[in-house]
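# Commentary on secondary and tertiary structure
Each chain is listed here by its residues.
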Amino acid sequence: MFRFEPNFDHQPSAAELSEQQYLWGAFIGNLVMQEKLISAHQLGFEERKLSASQEISEGIHIAENQTLGGNMVVLANHIDEATAIGKDCPILAIGGNVEVREILSMD
């Protein structure tokens, strides 16, 4: 999972966006070539959160000044391998972080 601190006061320039798109493309492309990528999703900025009391709140959920920006499922033999893959993630270059977890079957 990719987390970052949103900065609503700063709109990235076209060059910054282009650079990020290039870095993400290279990162994902490398995983595809290694046959390690299972799925990847960037999350949008429209969000609703449902509480146990059925309350609905609008807007991006921010905890510890960060929000979830996306997720990726990779094929790895161990959490250490997945962590090593995460070290090349472009989110780190903009101050974000990568949360690595094992996926458990719901069966």
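For the structure, check the block above.
Residues numbered from 1 in each chain as written. Predicted model: local features only at pLDDT ≥ 70, side-chain atom pairs only at ≥ 80, totals over all residues. Heavy atoms only, no water.

Next up on the list: the layout of surface pockets. The computed volume of the largest pocket comes to approximately 1,000 Å³. Along the wall of the largest pocket there are 28 residues; nearest its centre are F4, Q20, Q42, F45 and I94. Breaking the lining of the largest pocket down by element, the ones donating at least two residues are β1 (2-4), α1 (14-33), β2 (37-42) and β5 (67-74). Classifying every residue of the lining of the largest pocket gives 14 nonpolar, 12 polar and 2 charged. Considering only enclosed or pocket space, the second largest pocket measures out at about 470 Å³ in volume. Residue assignment for the lining of the second largest pocket shows that the elements contributing at least two residues are β5 and α2 (79-86). Tallied by class, residues from the lining of the second largest pocket come to 14 nonpolar, 3 polar and 3 charged. (1 Å grid on protein atoms, 1.4 Å probe; cavity = no way out; pocket = protein on both sides within 12 Å on 5 of 7 lines; lining within 4 Å. Points joined across faces, edges and corners; volume = space filled by probe spheres on them. Helix = DSSP H or I, 4+ residues; strand = E, 2+ residues; numbered from the N terminus. Nonpolar A, V, L, I, M, F, W, Y, C, P; charged D, E, K, R; others polar.)

Bringing the sheet that holds β1 into the picture now. Pairing in this open sheet of 4 strands is antiparallel, and the strands run β2-β5-β1-β6 from one edge to the other. Every other strand in the sheet has two partners, leaving β2 and β6 (97-98) as the edge strands with one partner each. Pairing geometry for β1 and β6, over 2 bridges, is antiparallel. Each residue of the ladder has a partner; that of R3, found in β6, is N97. Its contacts with the sheet place α1 against β1, β2 and β5, and it is angled at close to 25 degrees to β5. (Pairing = 2+ DSSP bridges. Contact = heavy atoms within 4.5 Å. Axes fitted to C-alpha atoms, helices over the stretch in contact; angles between N-to-C directions.)

This part covers the nonpolar core. Residues F2, F4, F27, L31, M72, I85, C89 and I91 constitute the largest nonpolar core, which totals 8 residues. Breaking this core down by element, the ones donating at least two residues are β1 and α1. Residues within four places of F27 in sequence aside, it is in contact with M72, I85, D88, C89 and P90. (Core = buried A, V, L, I, M, F, W, Y, C linked by side-chain atoms within 4.5 Å. Buried < 20%, exposed > 50% of the residue type's maximum accessible area, 1.4 Å probe, protein only.)

Let's shift gears to α2. Burial in α2 covers these residues: A82, I85 and G86. In an axial view of α2, the angular spread of the buried residues amounts to 100 degrees, which keeps them on one side of the axis. Contacts made by the buried residues of α2 are with α1, β5 and β6. (Arc of directions from axis to C-beta.)

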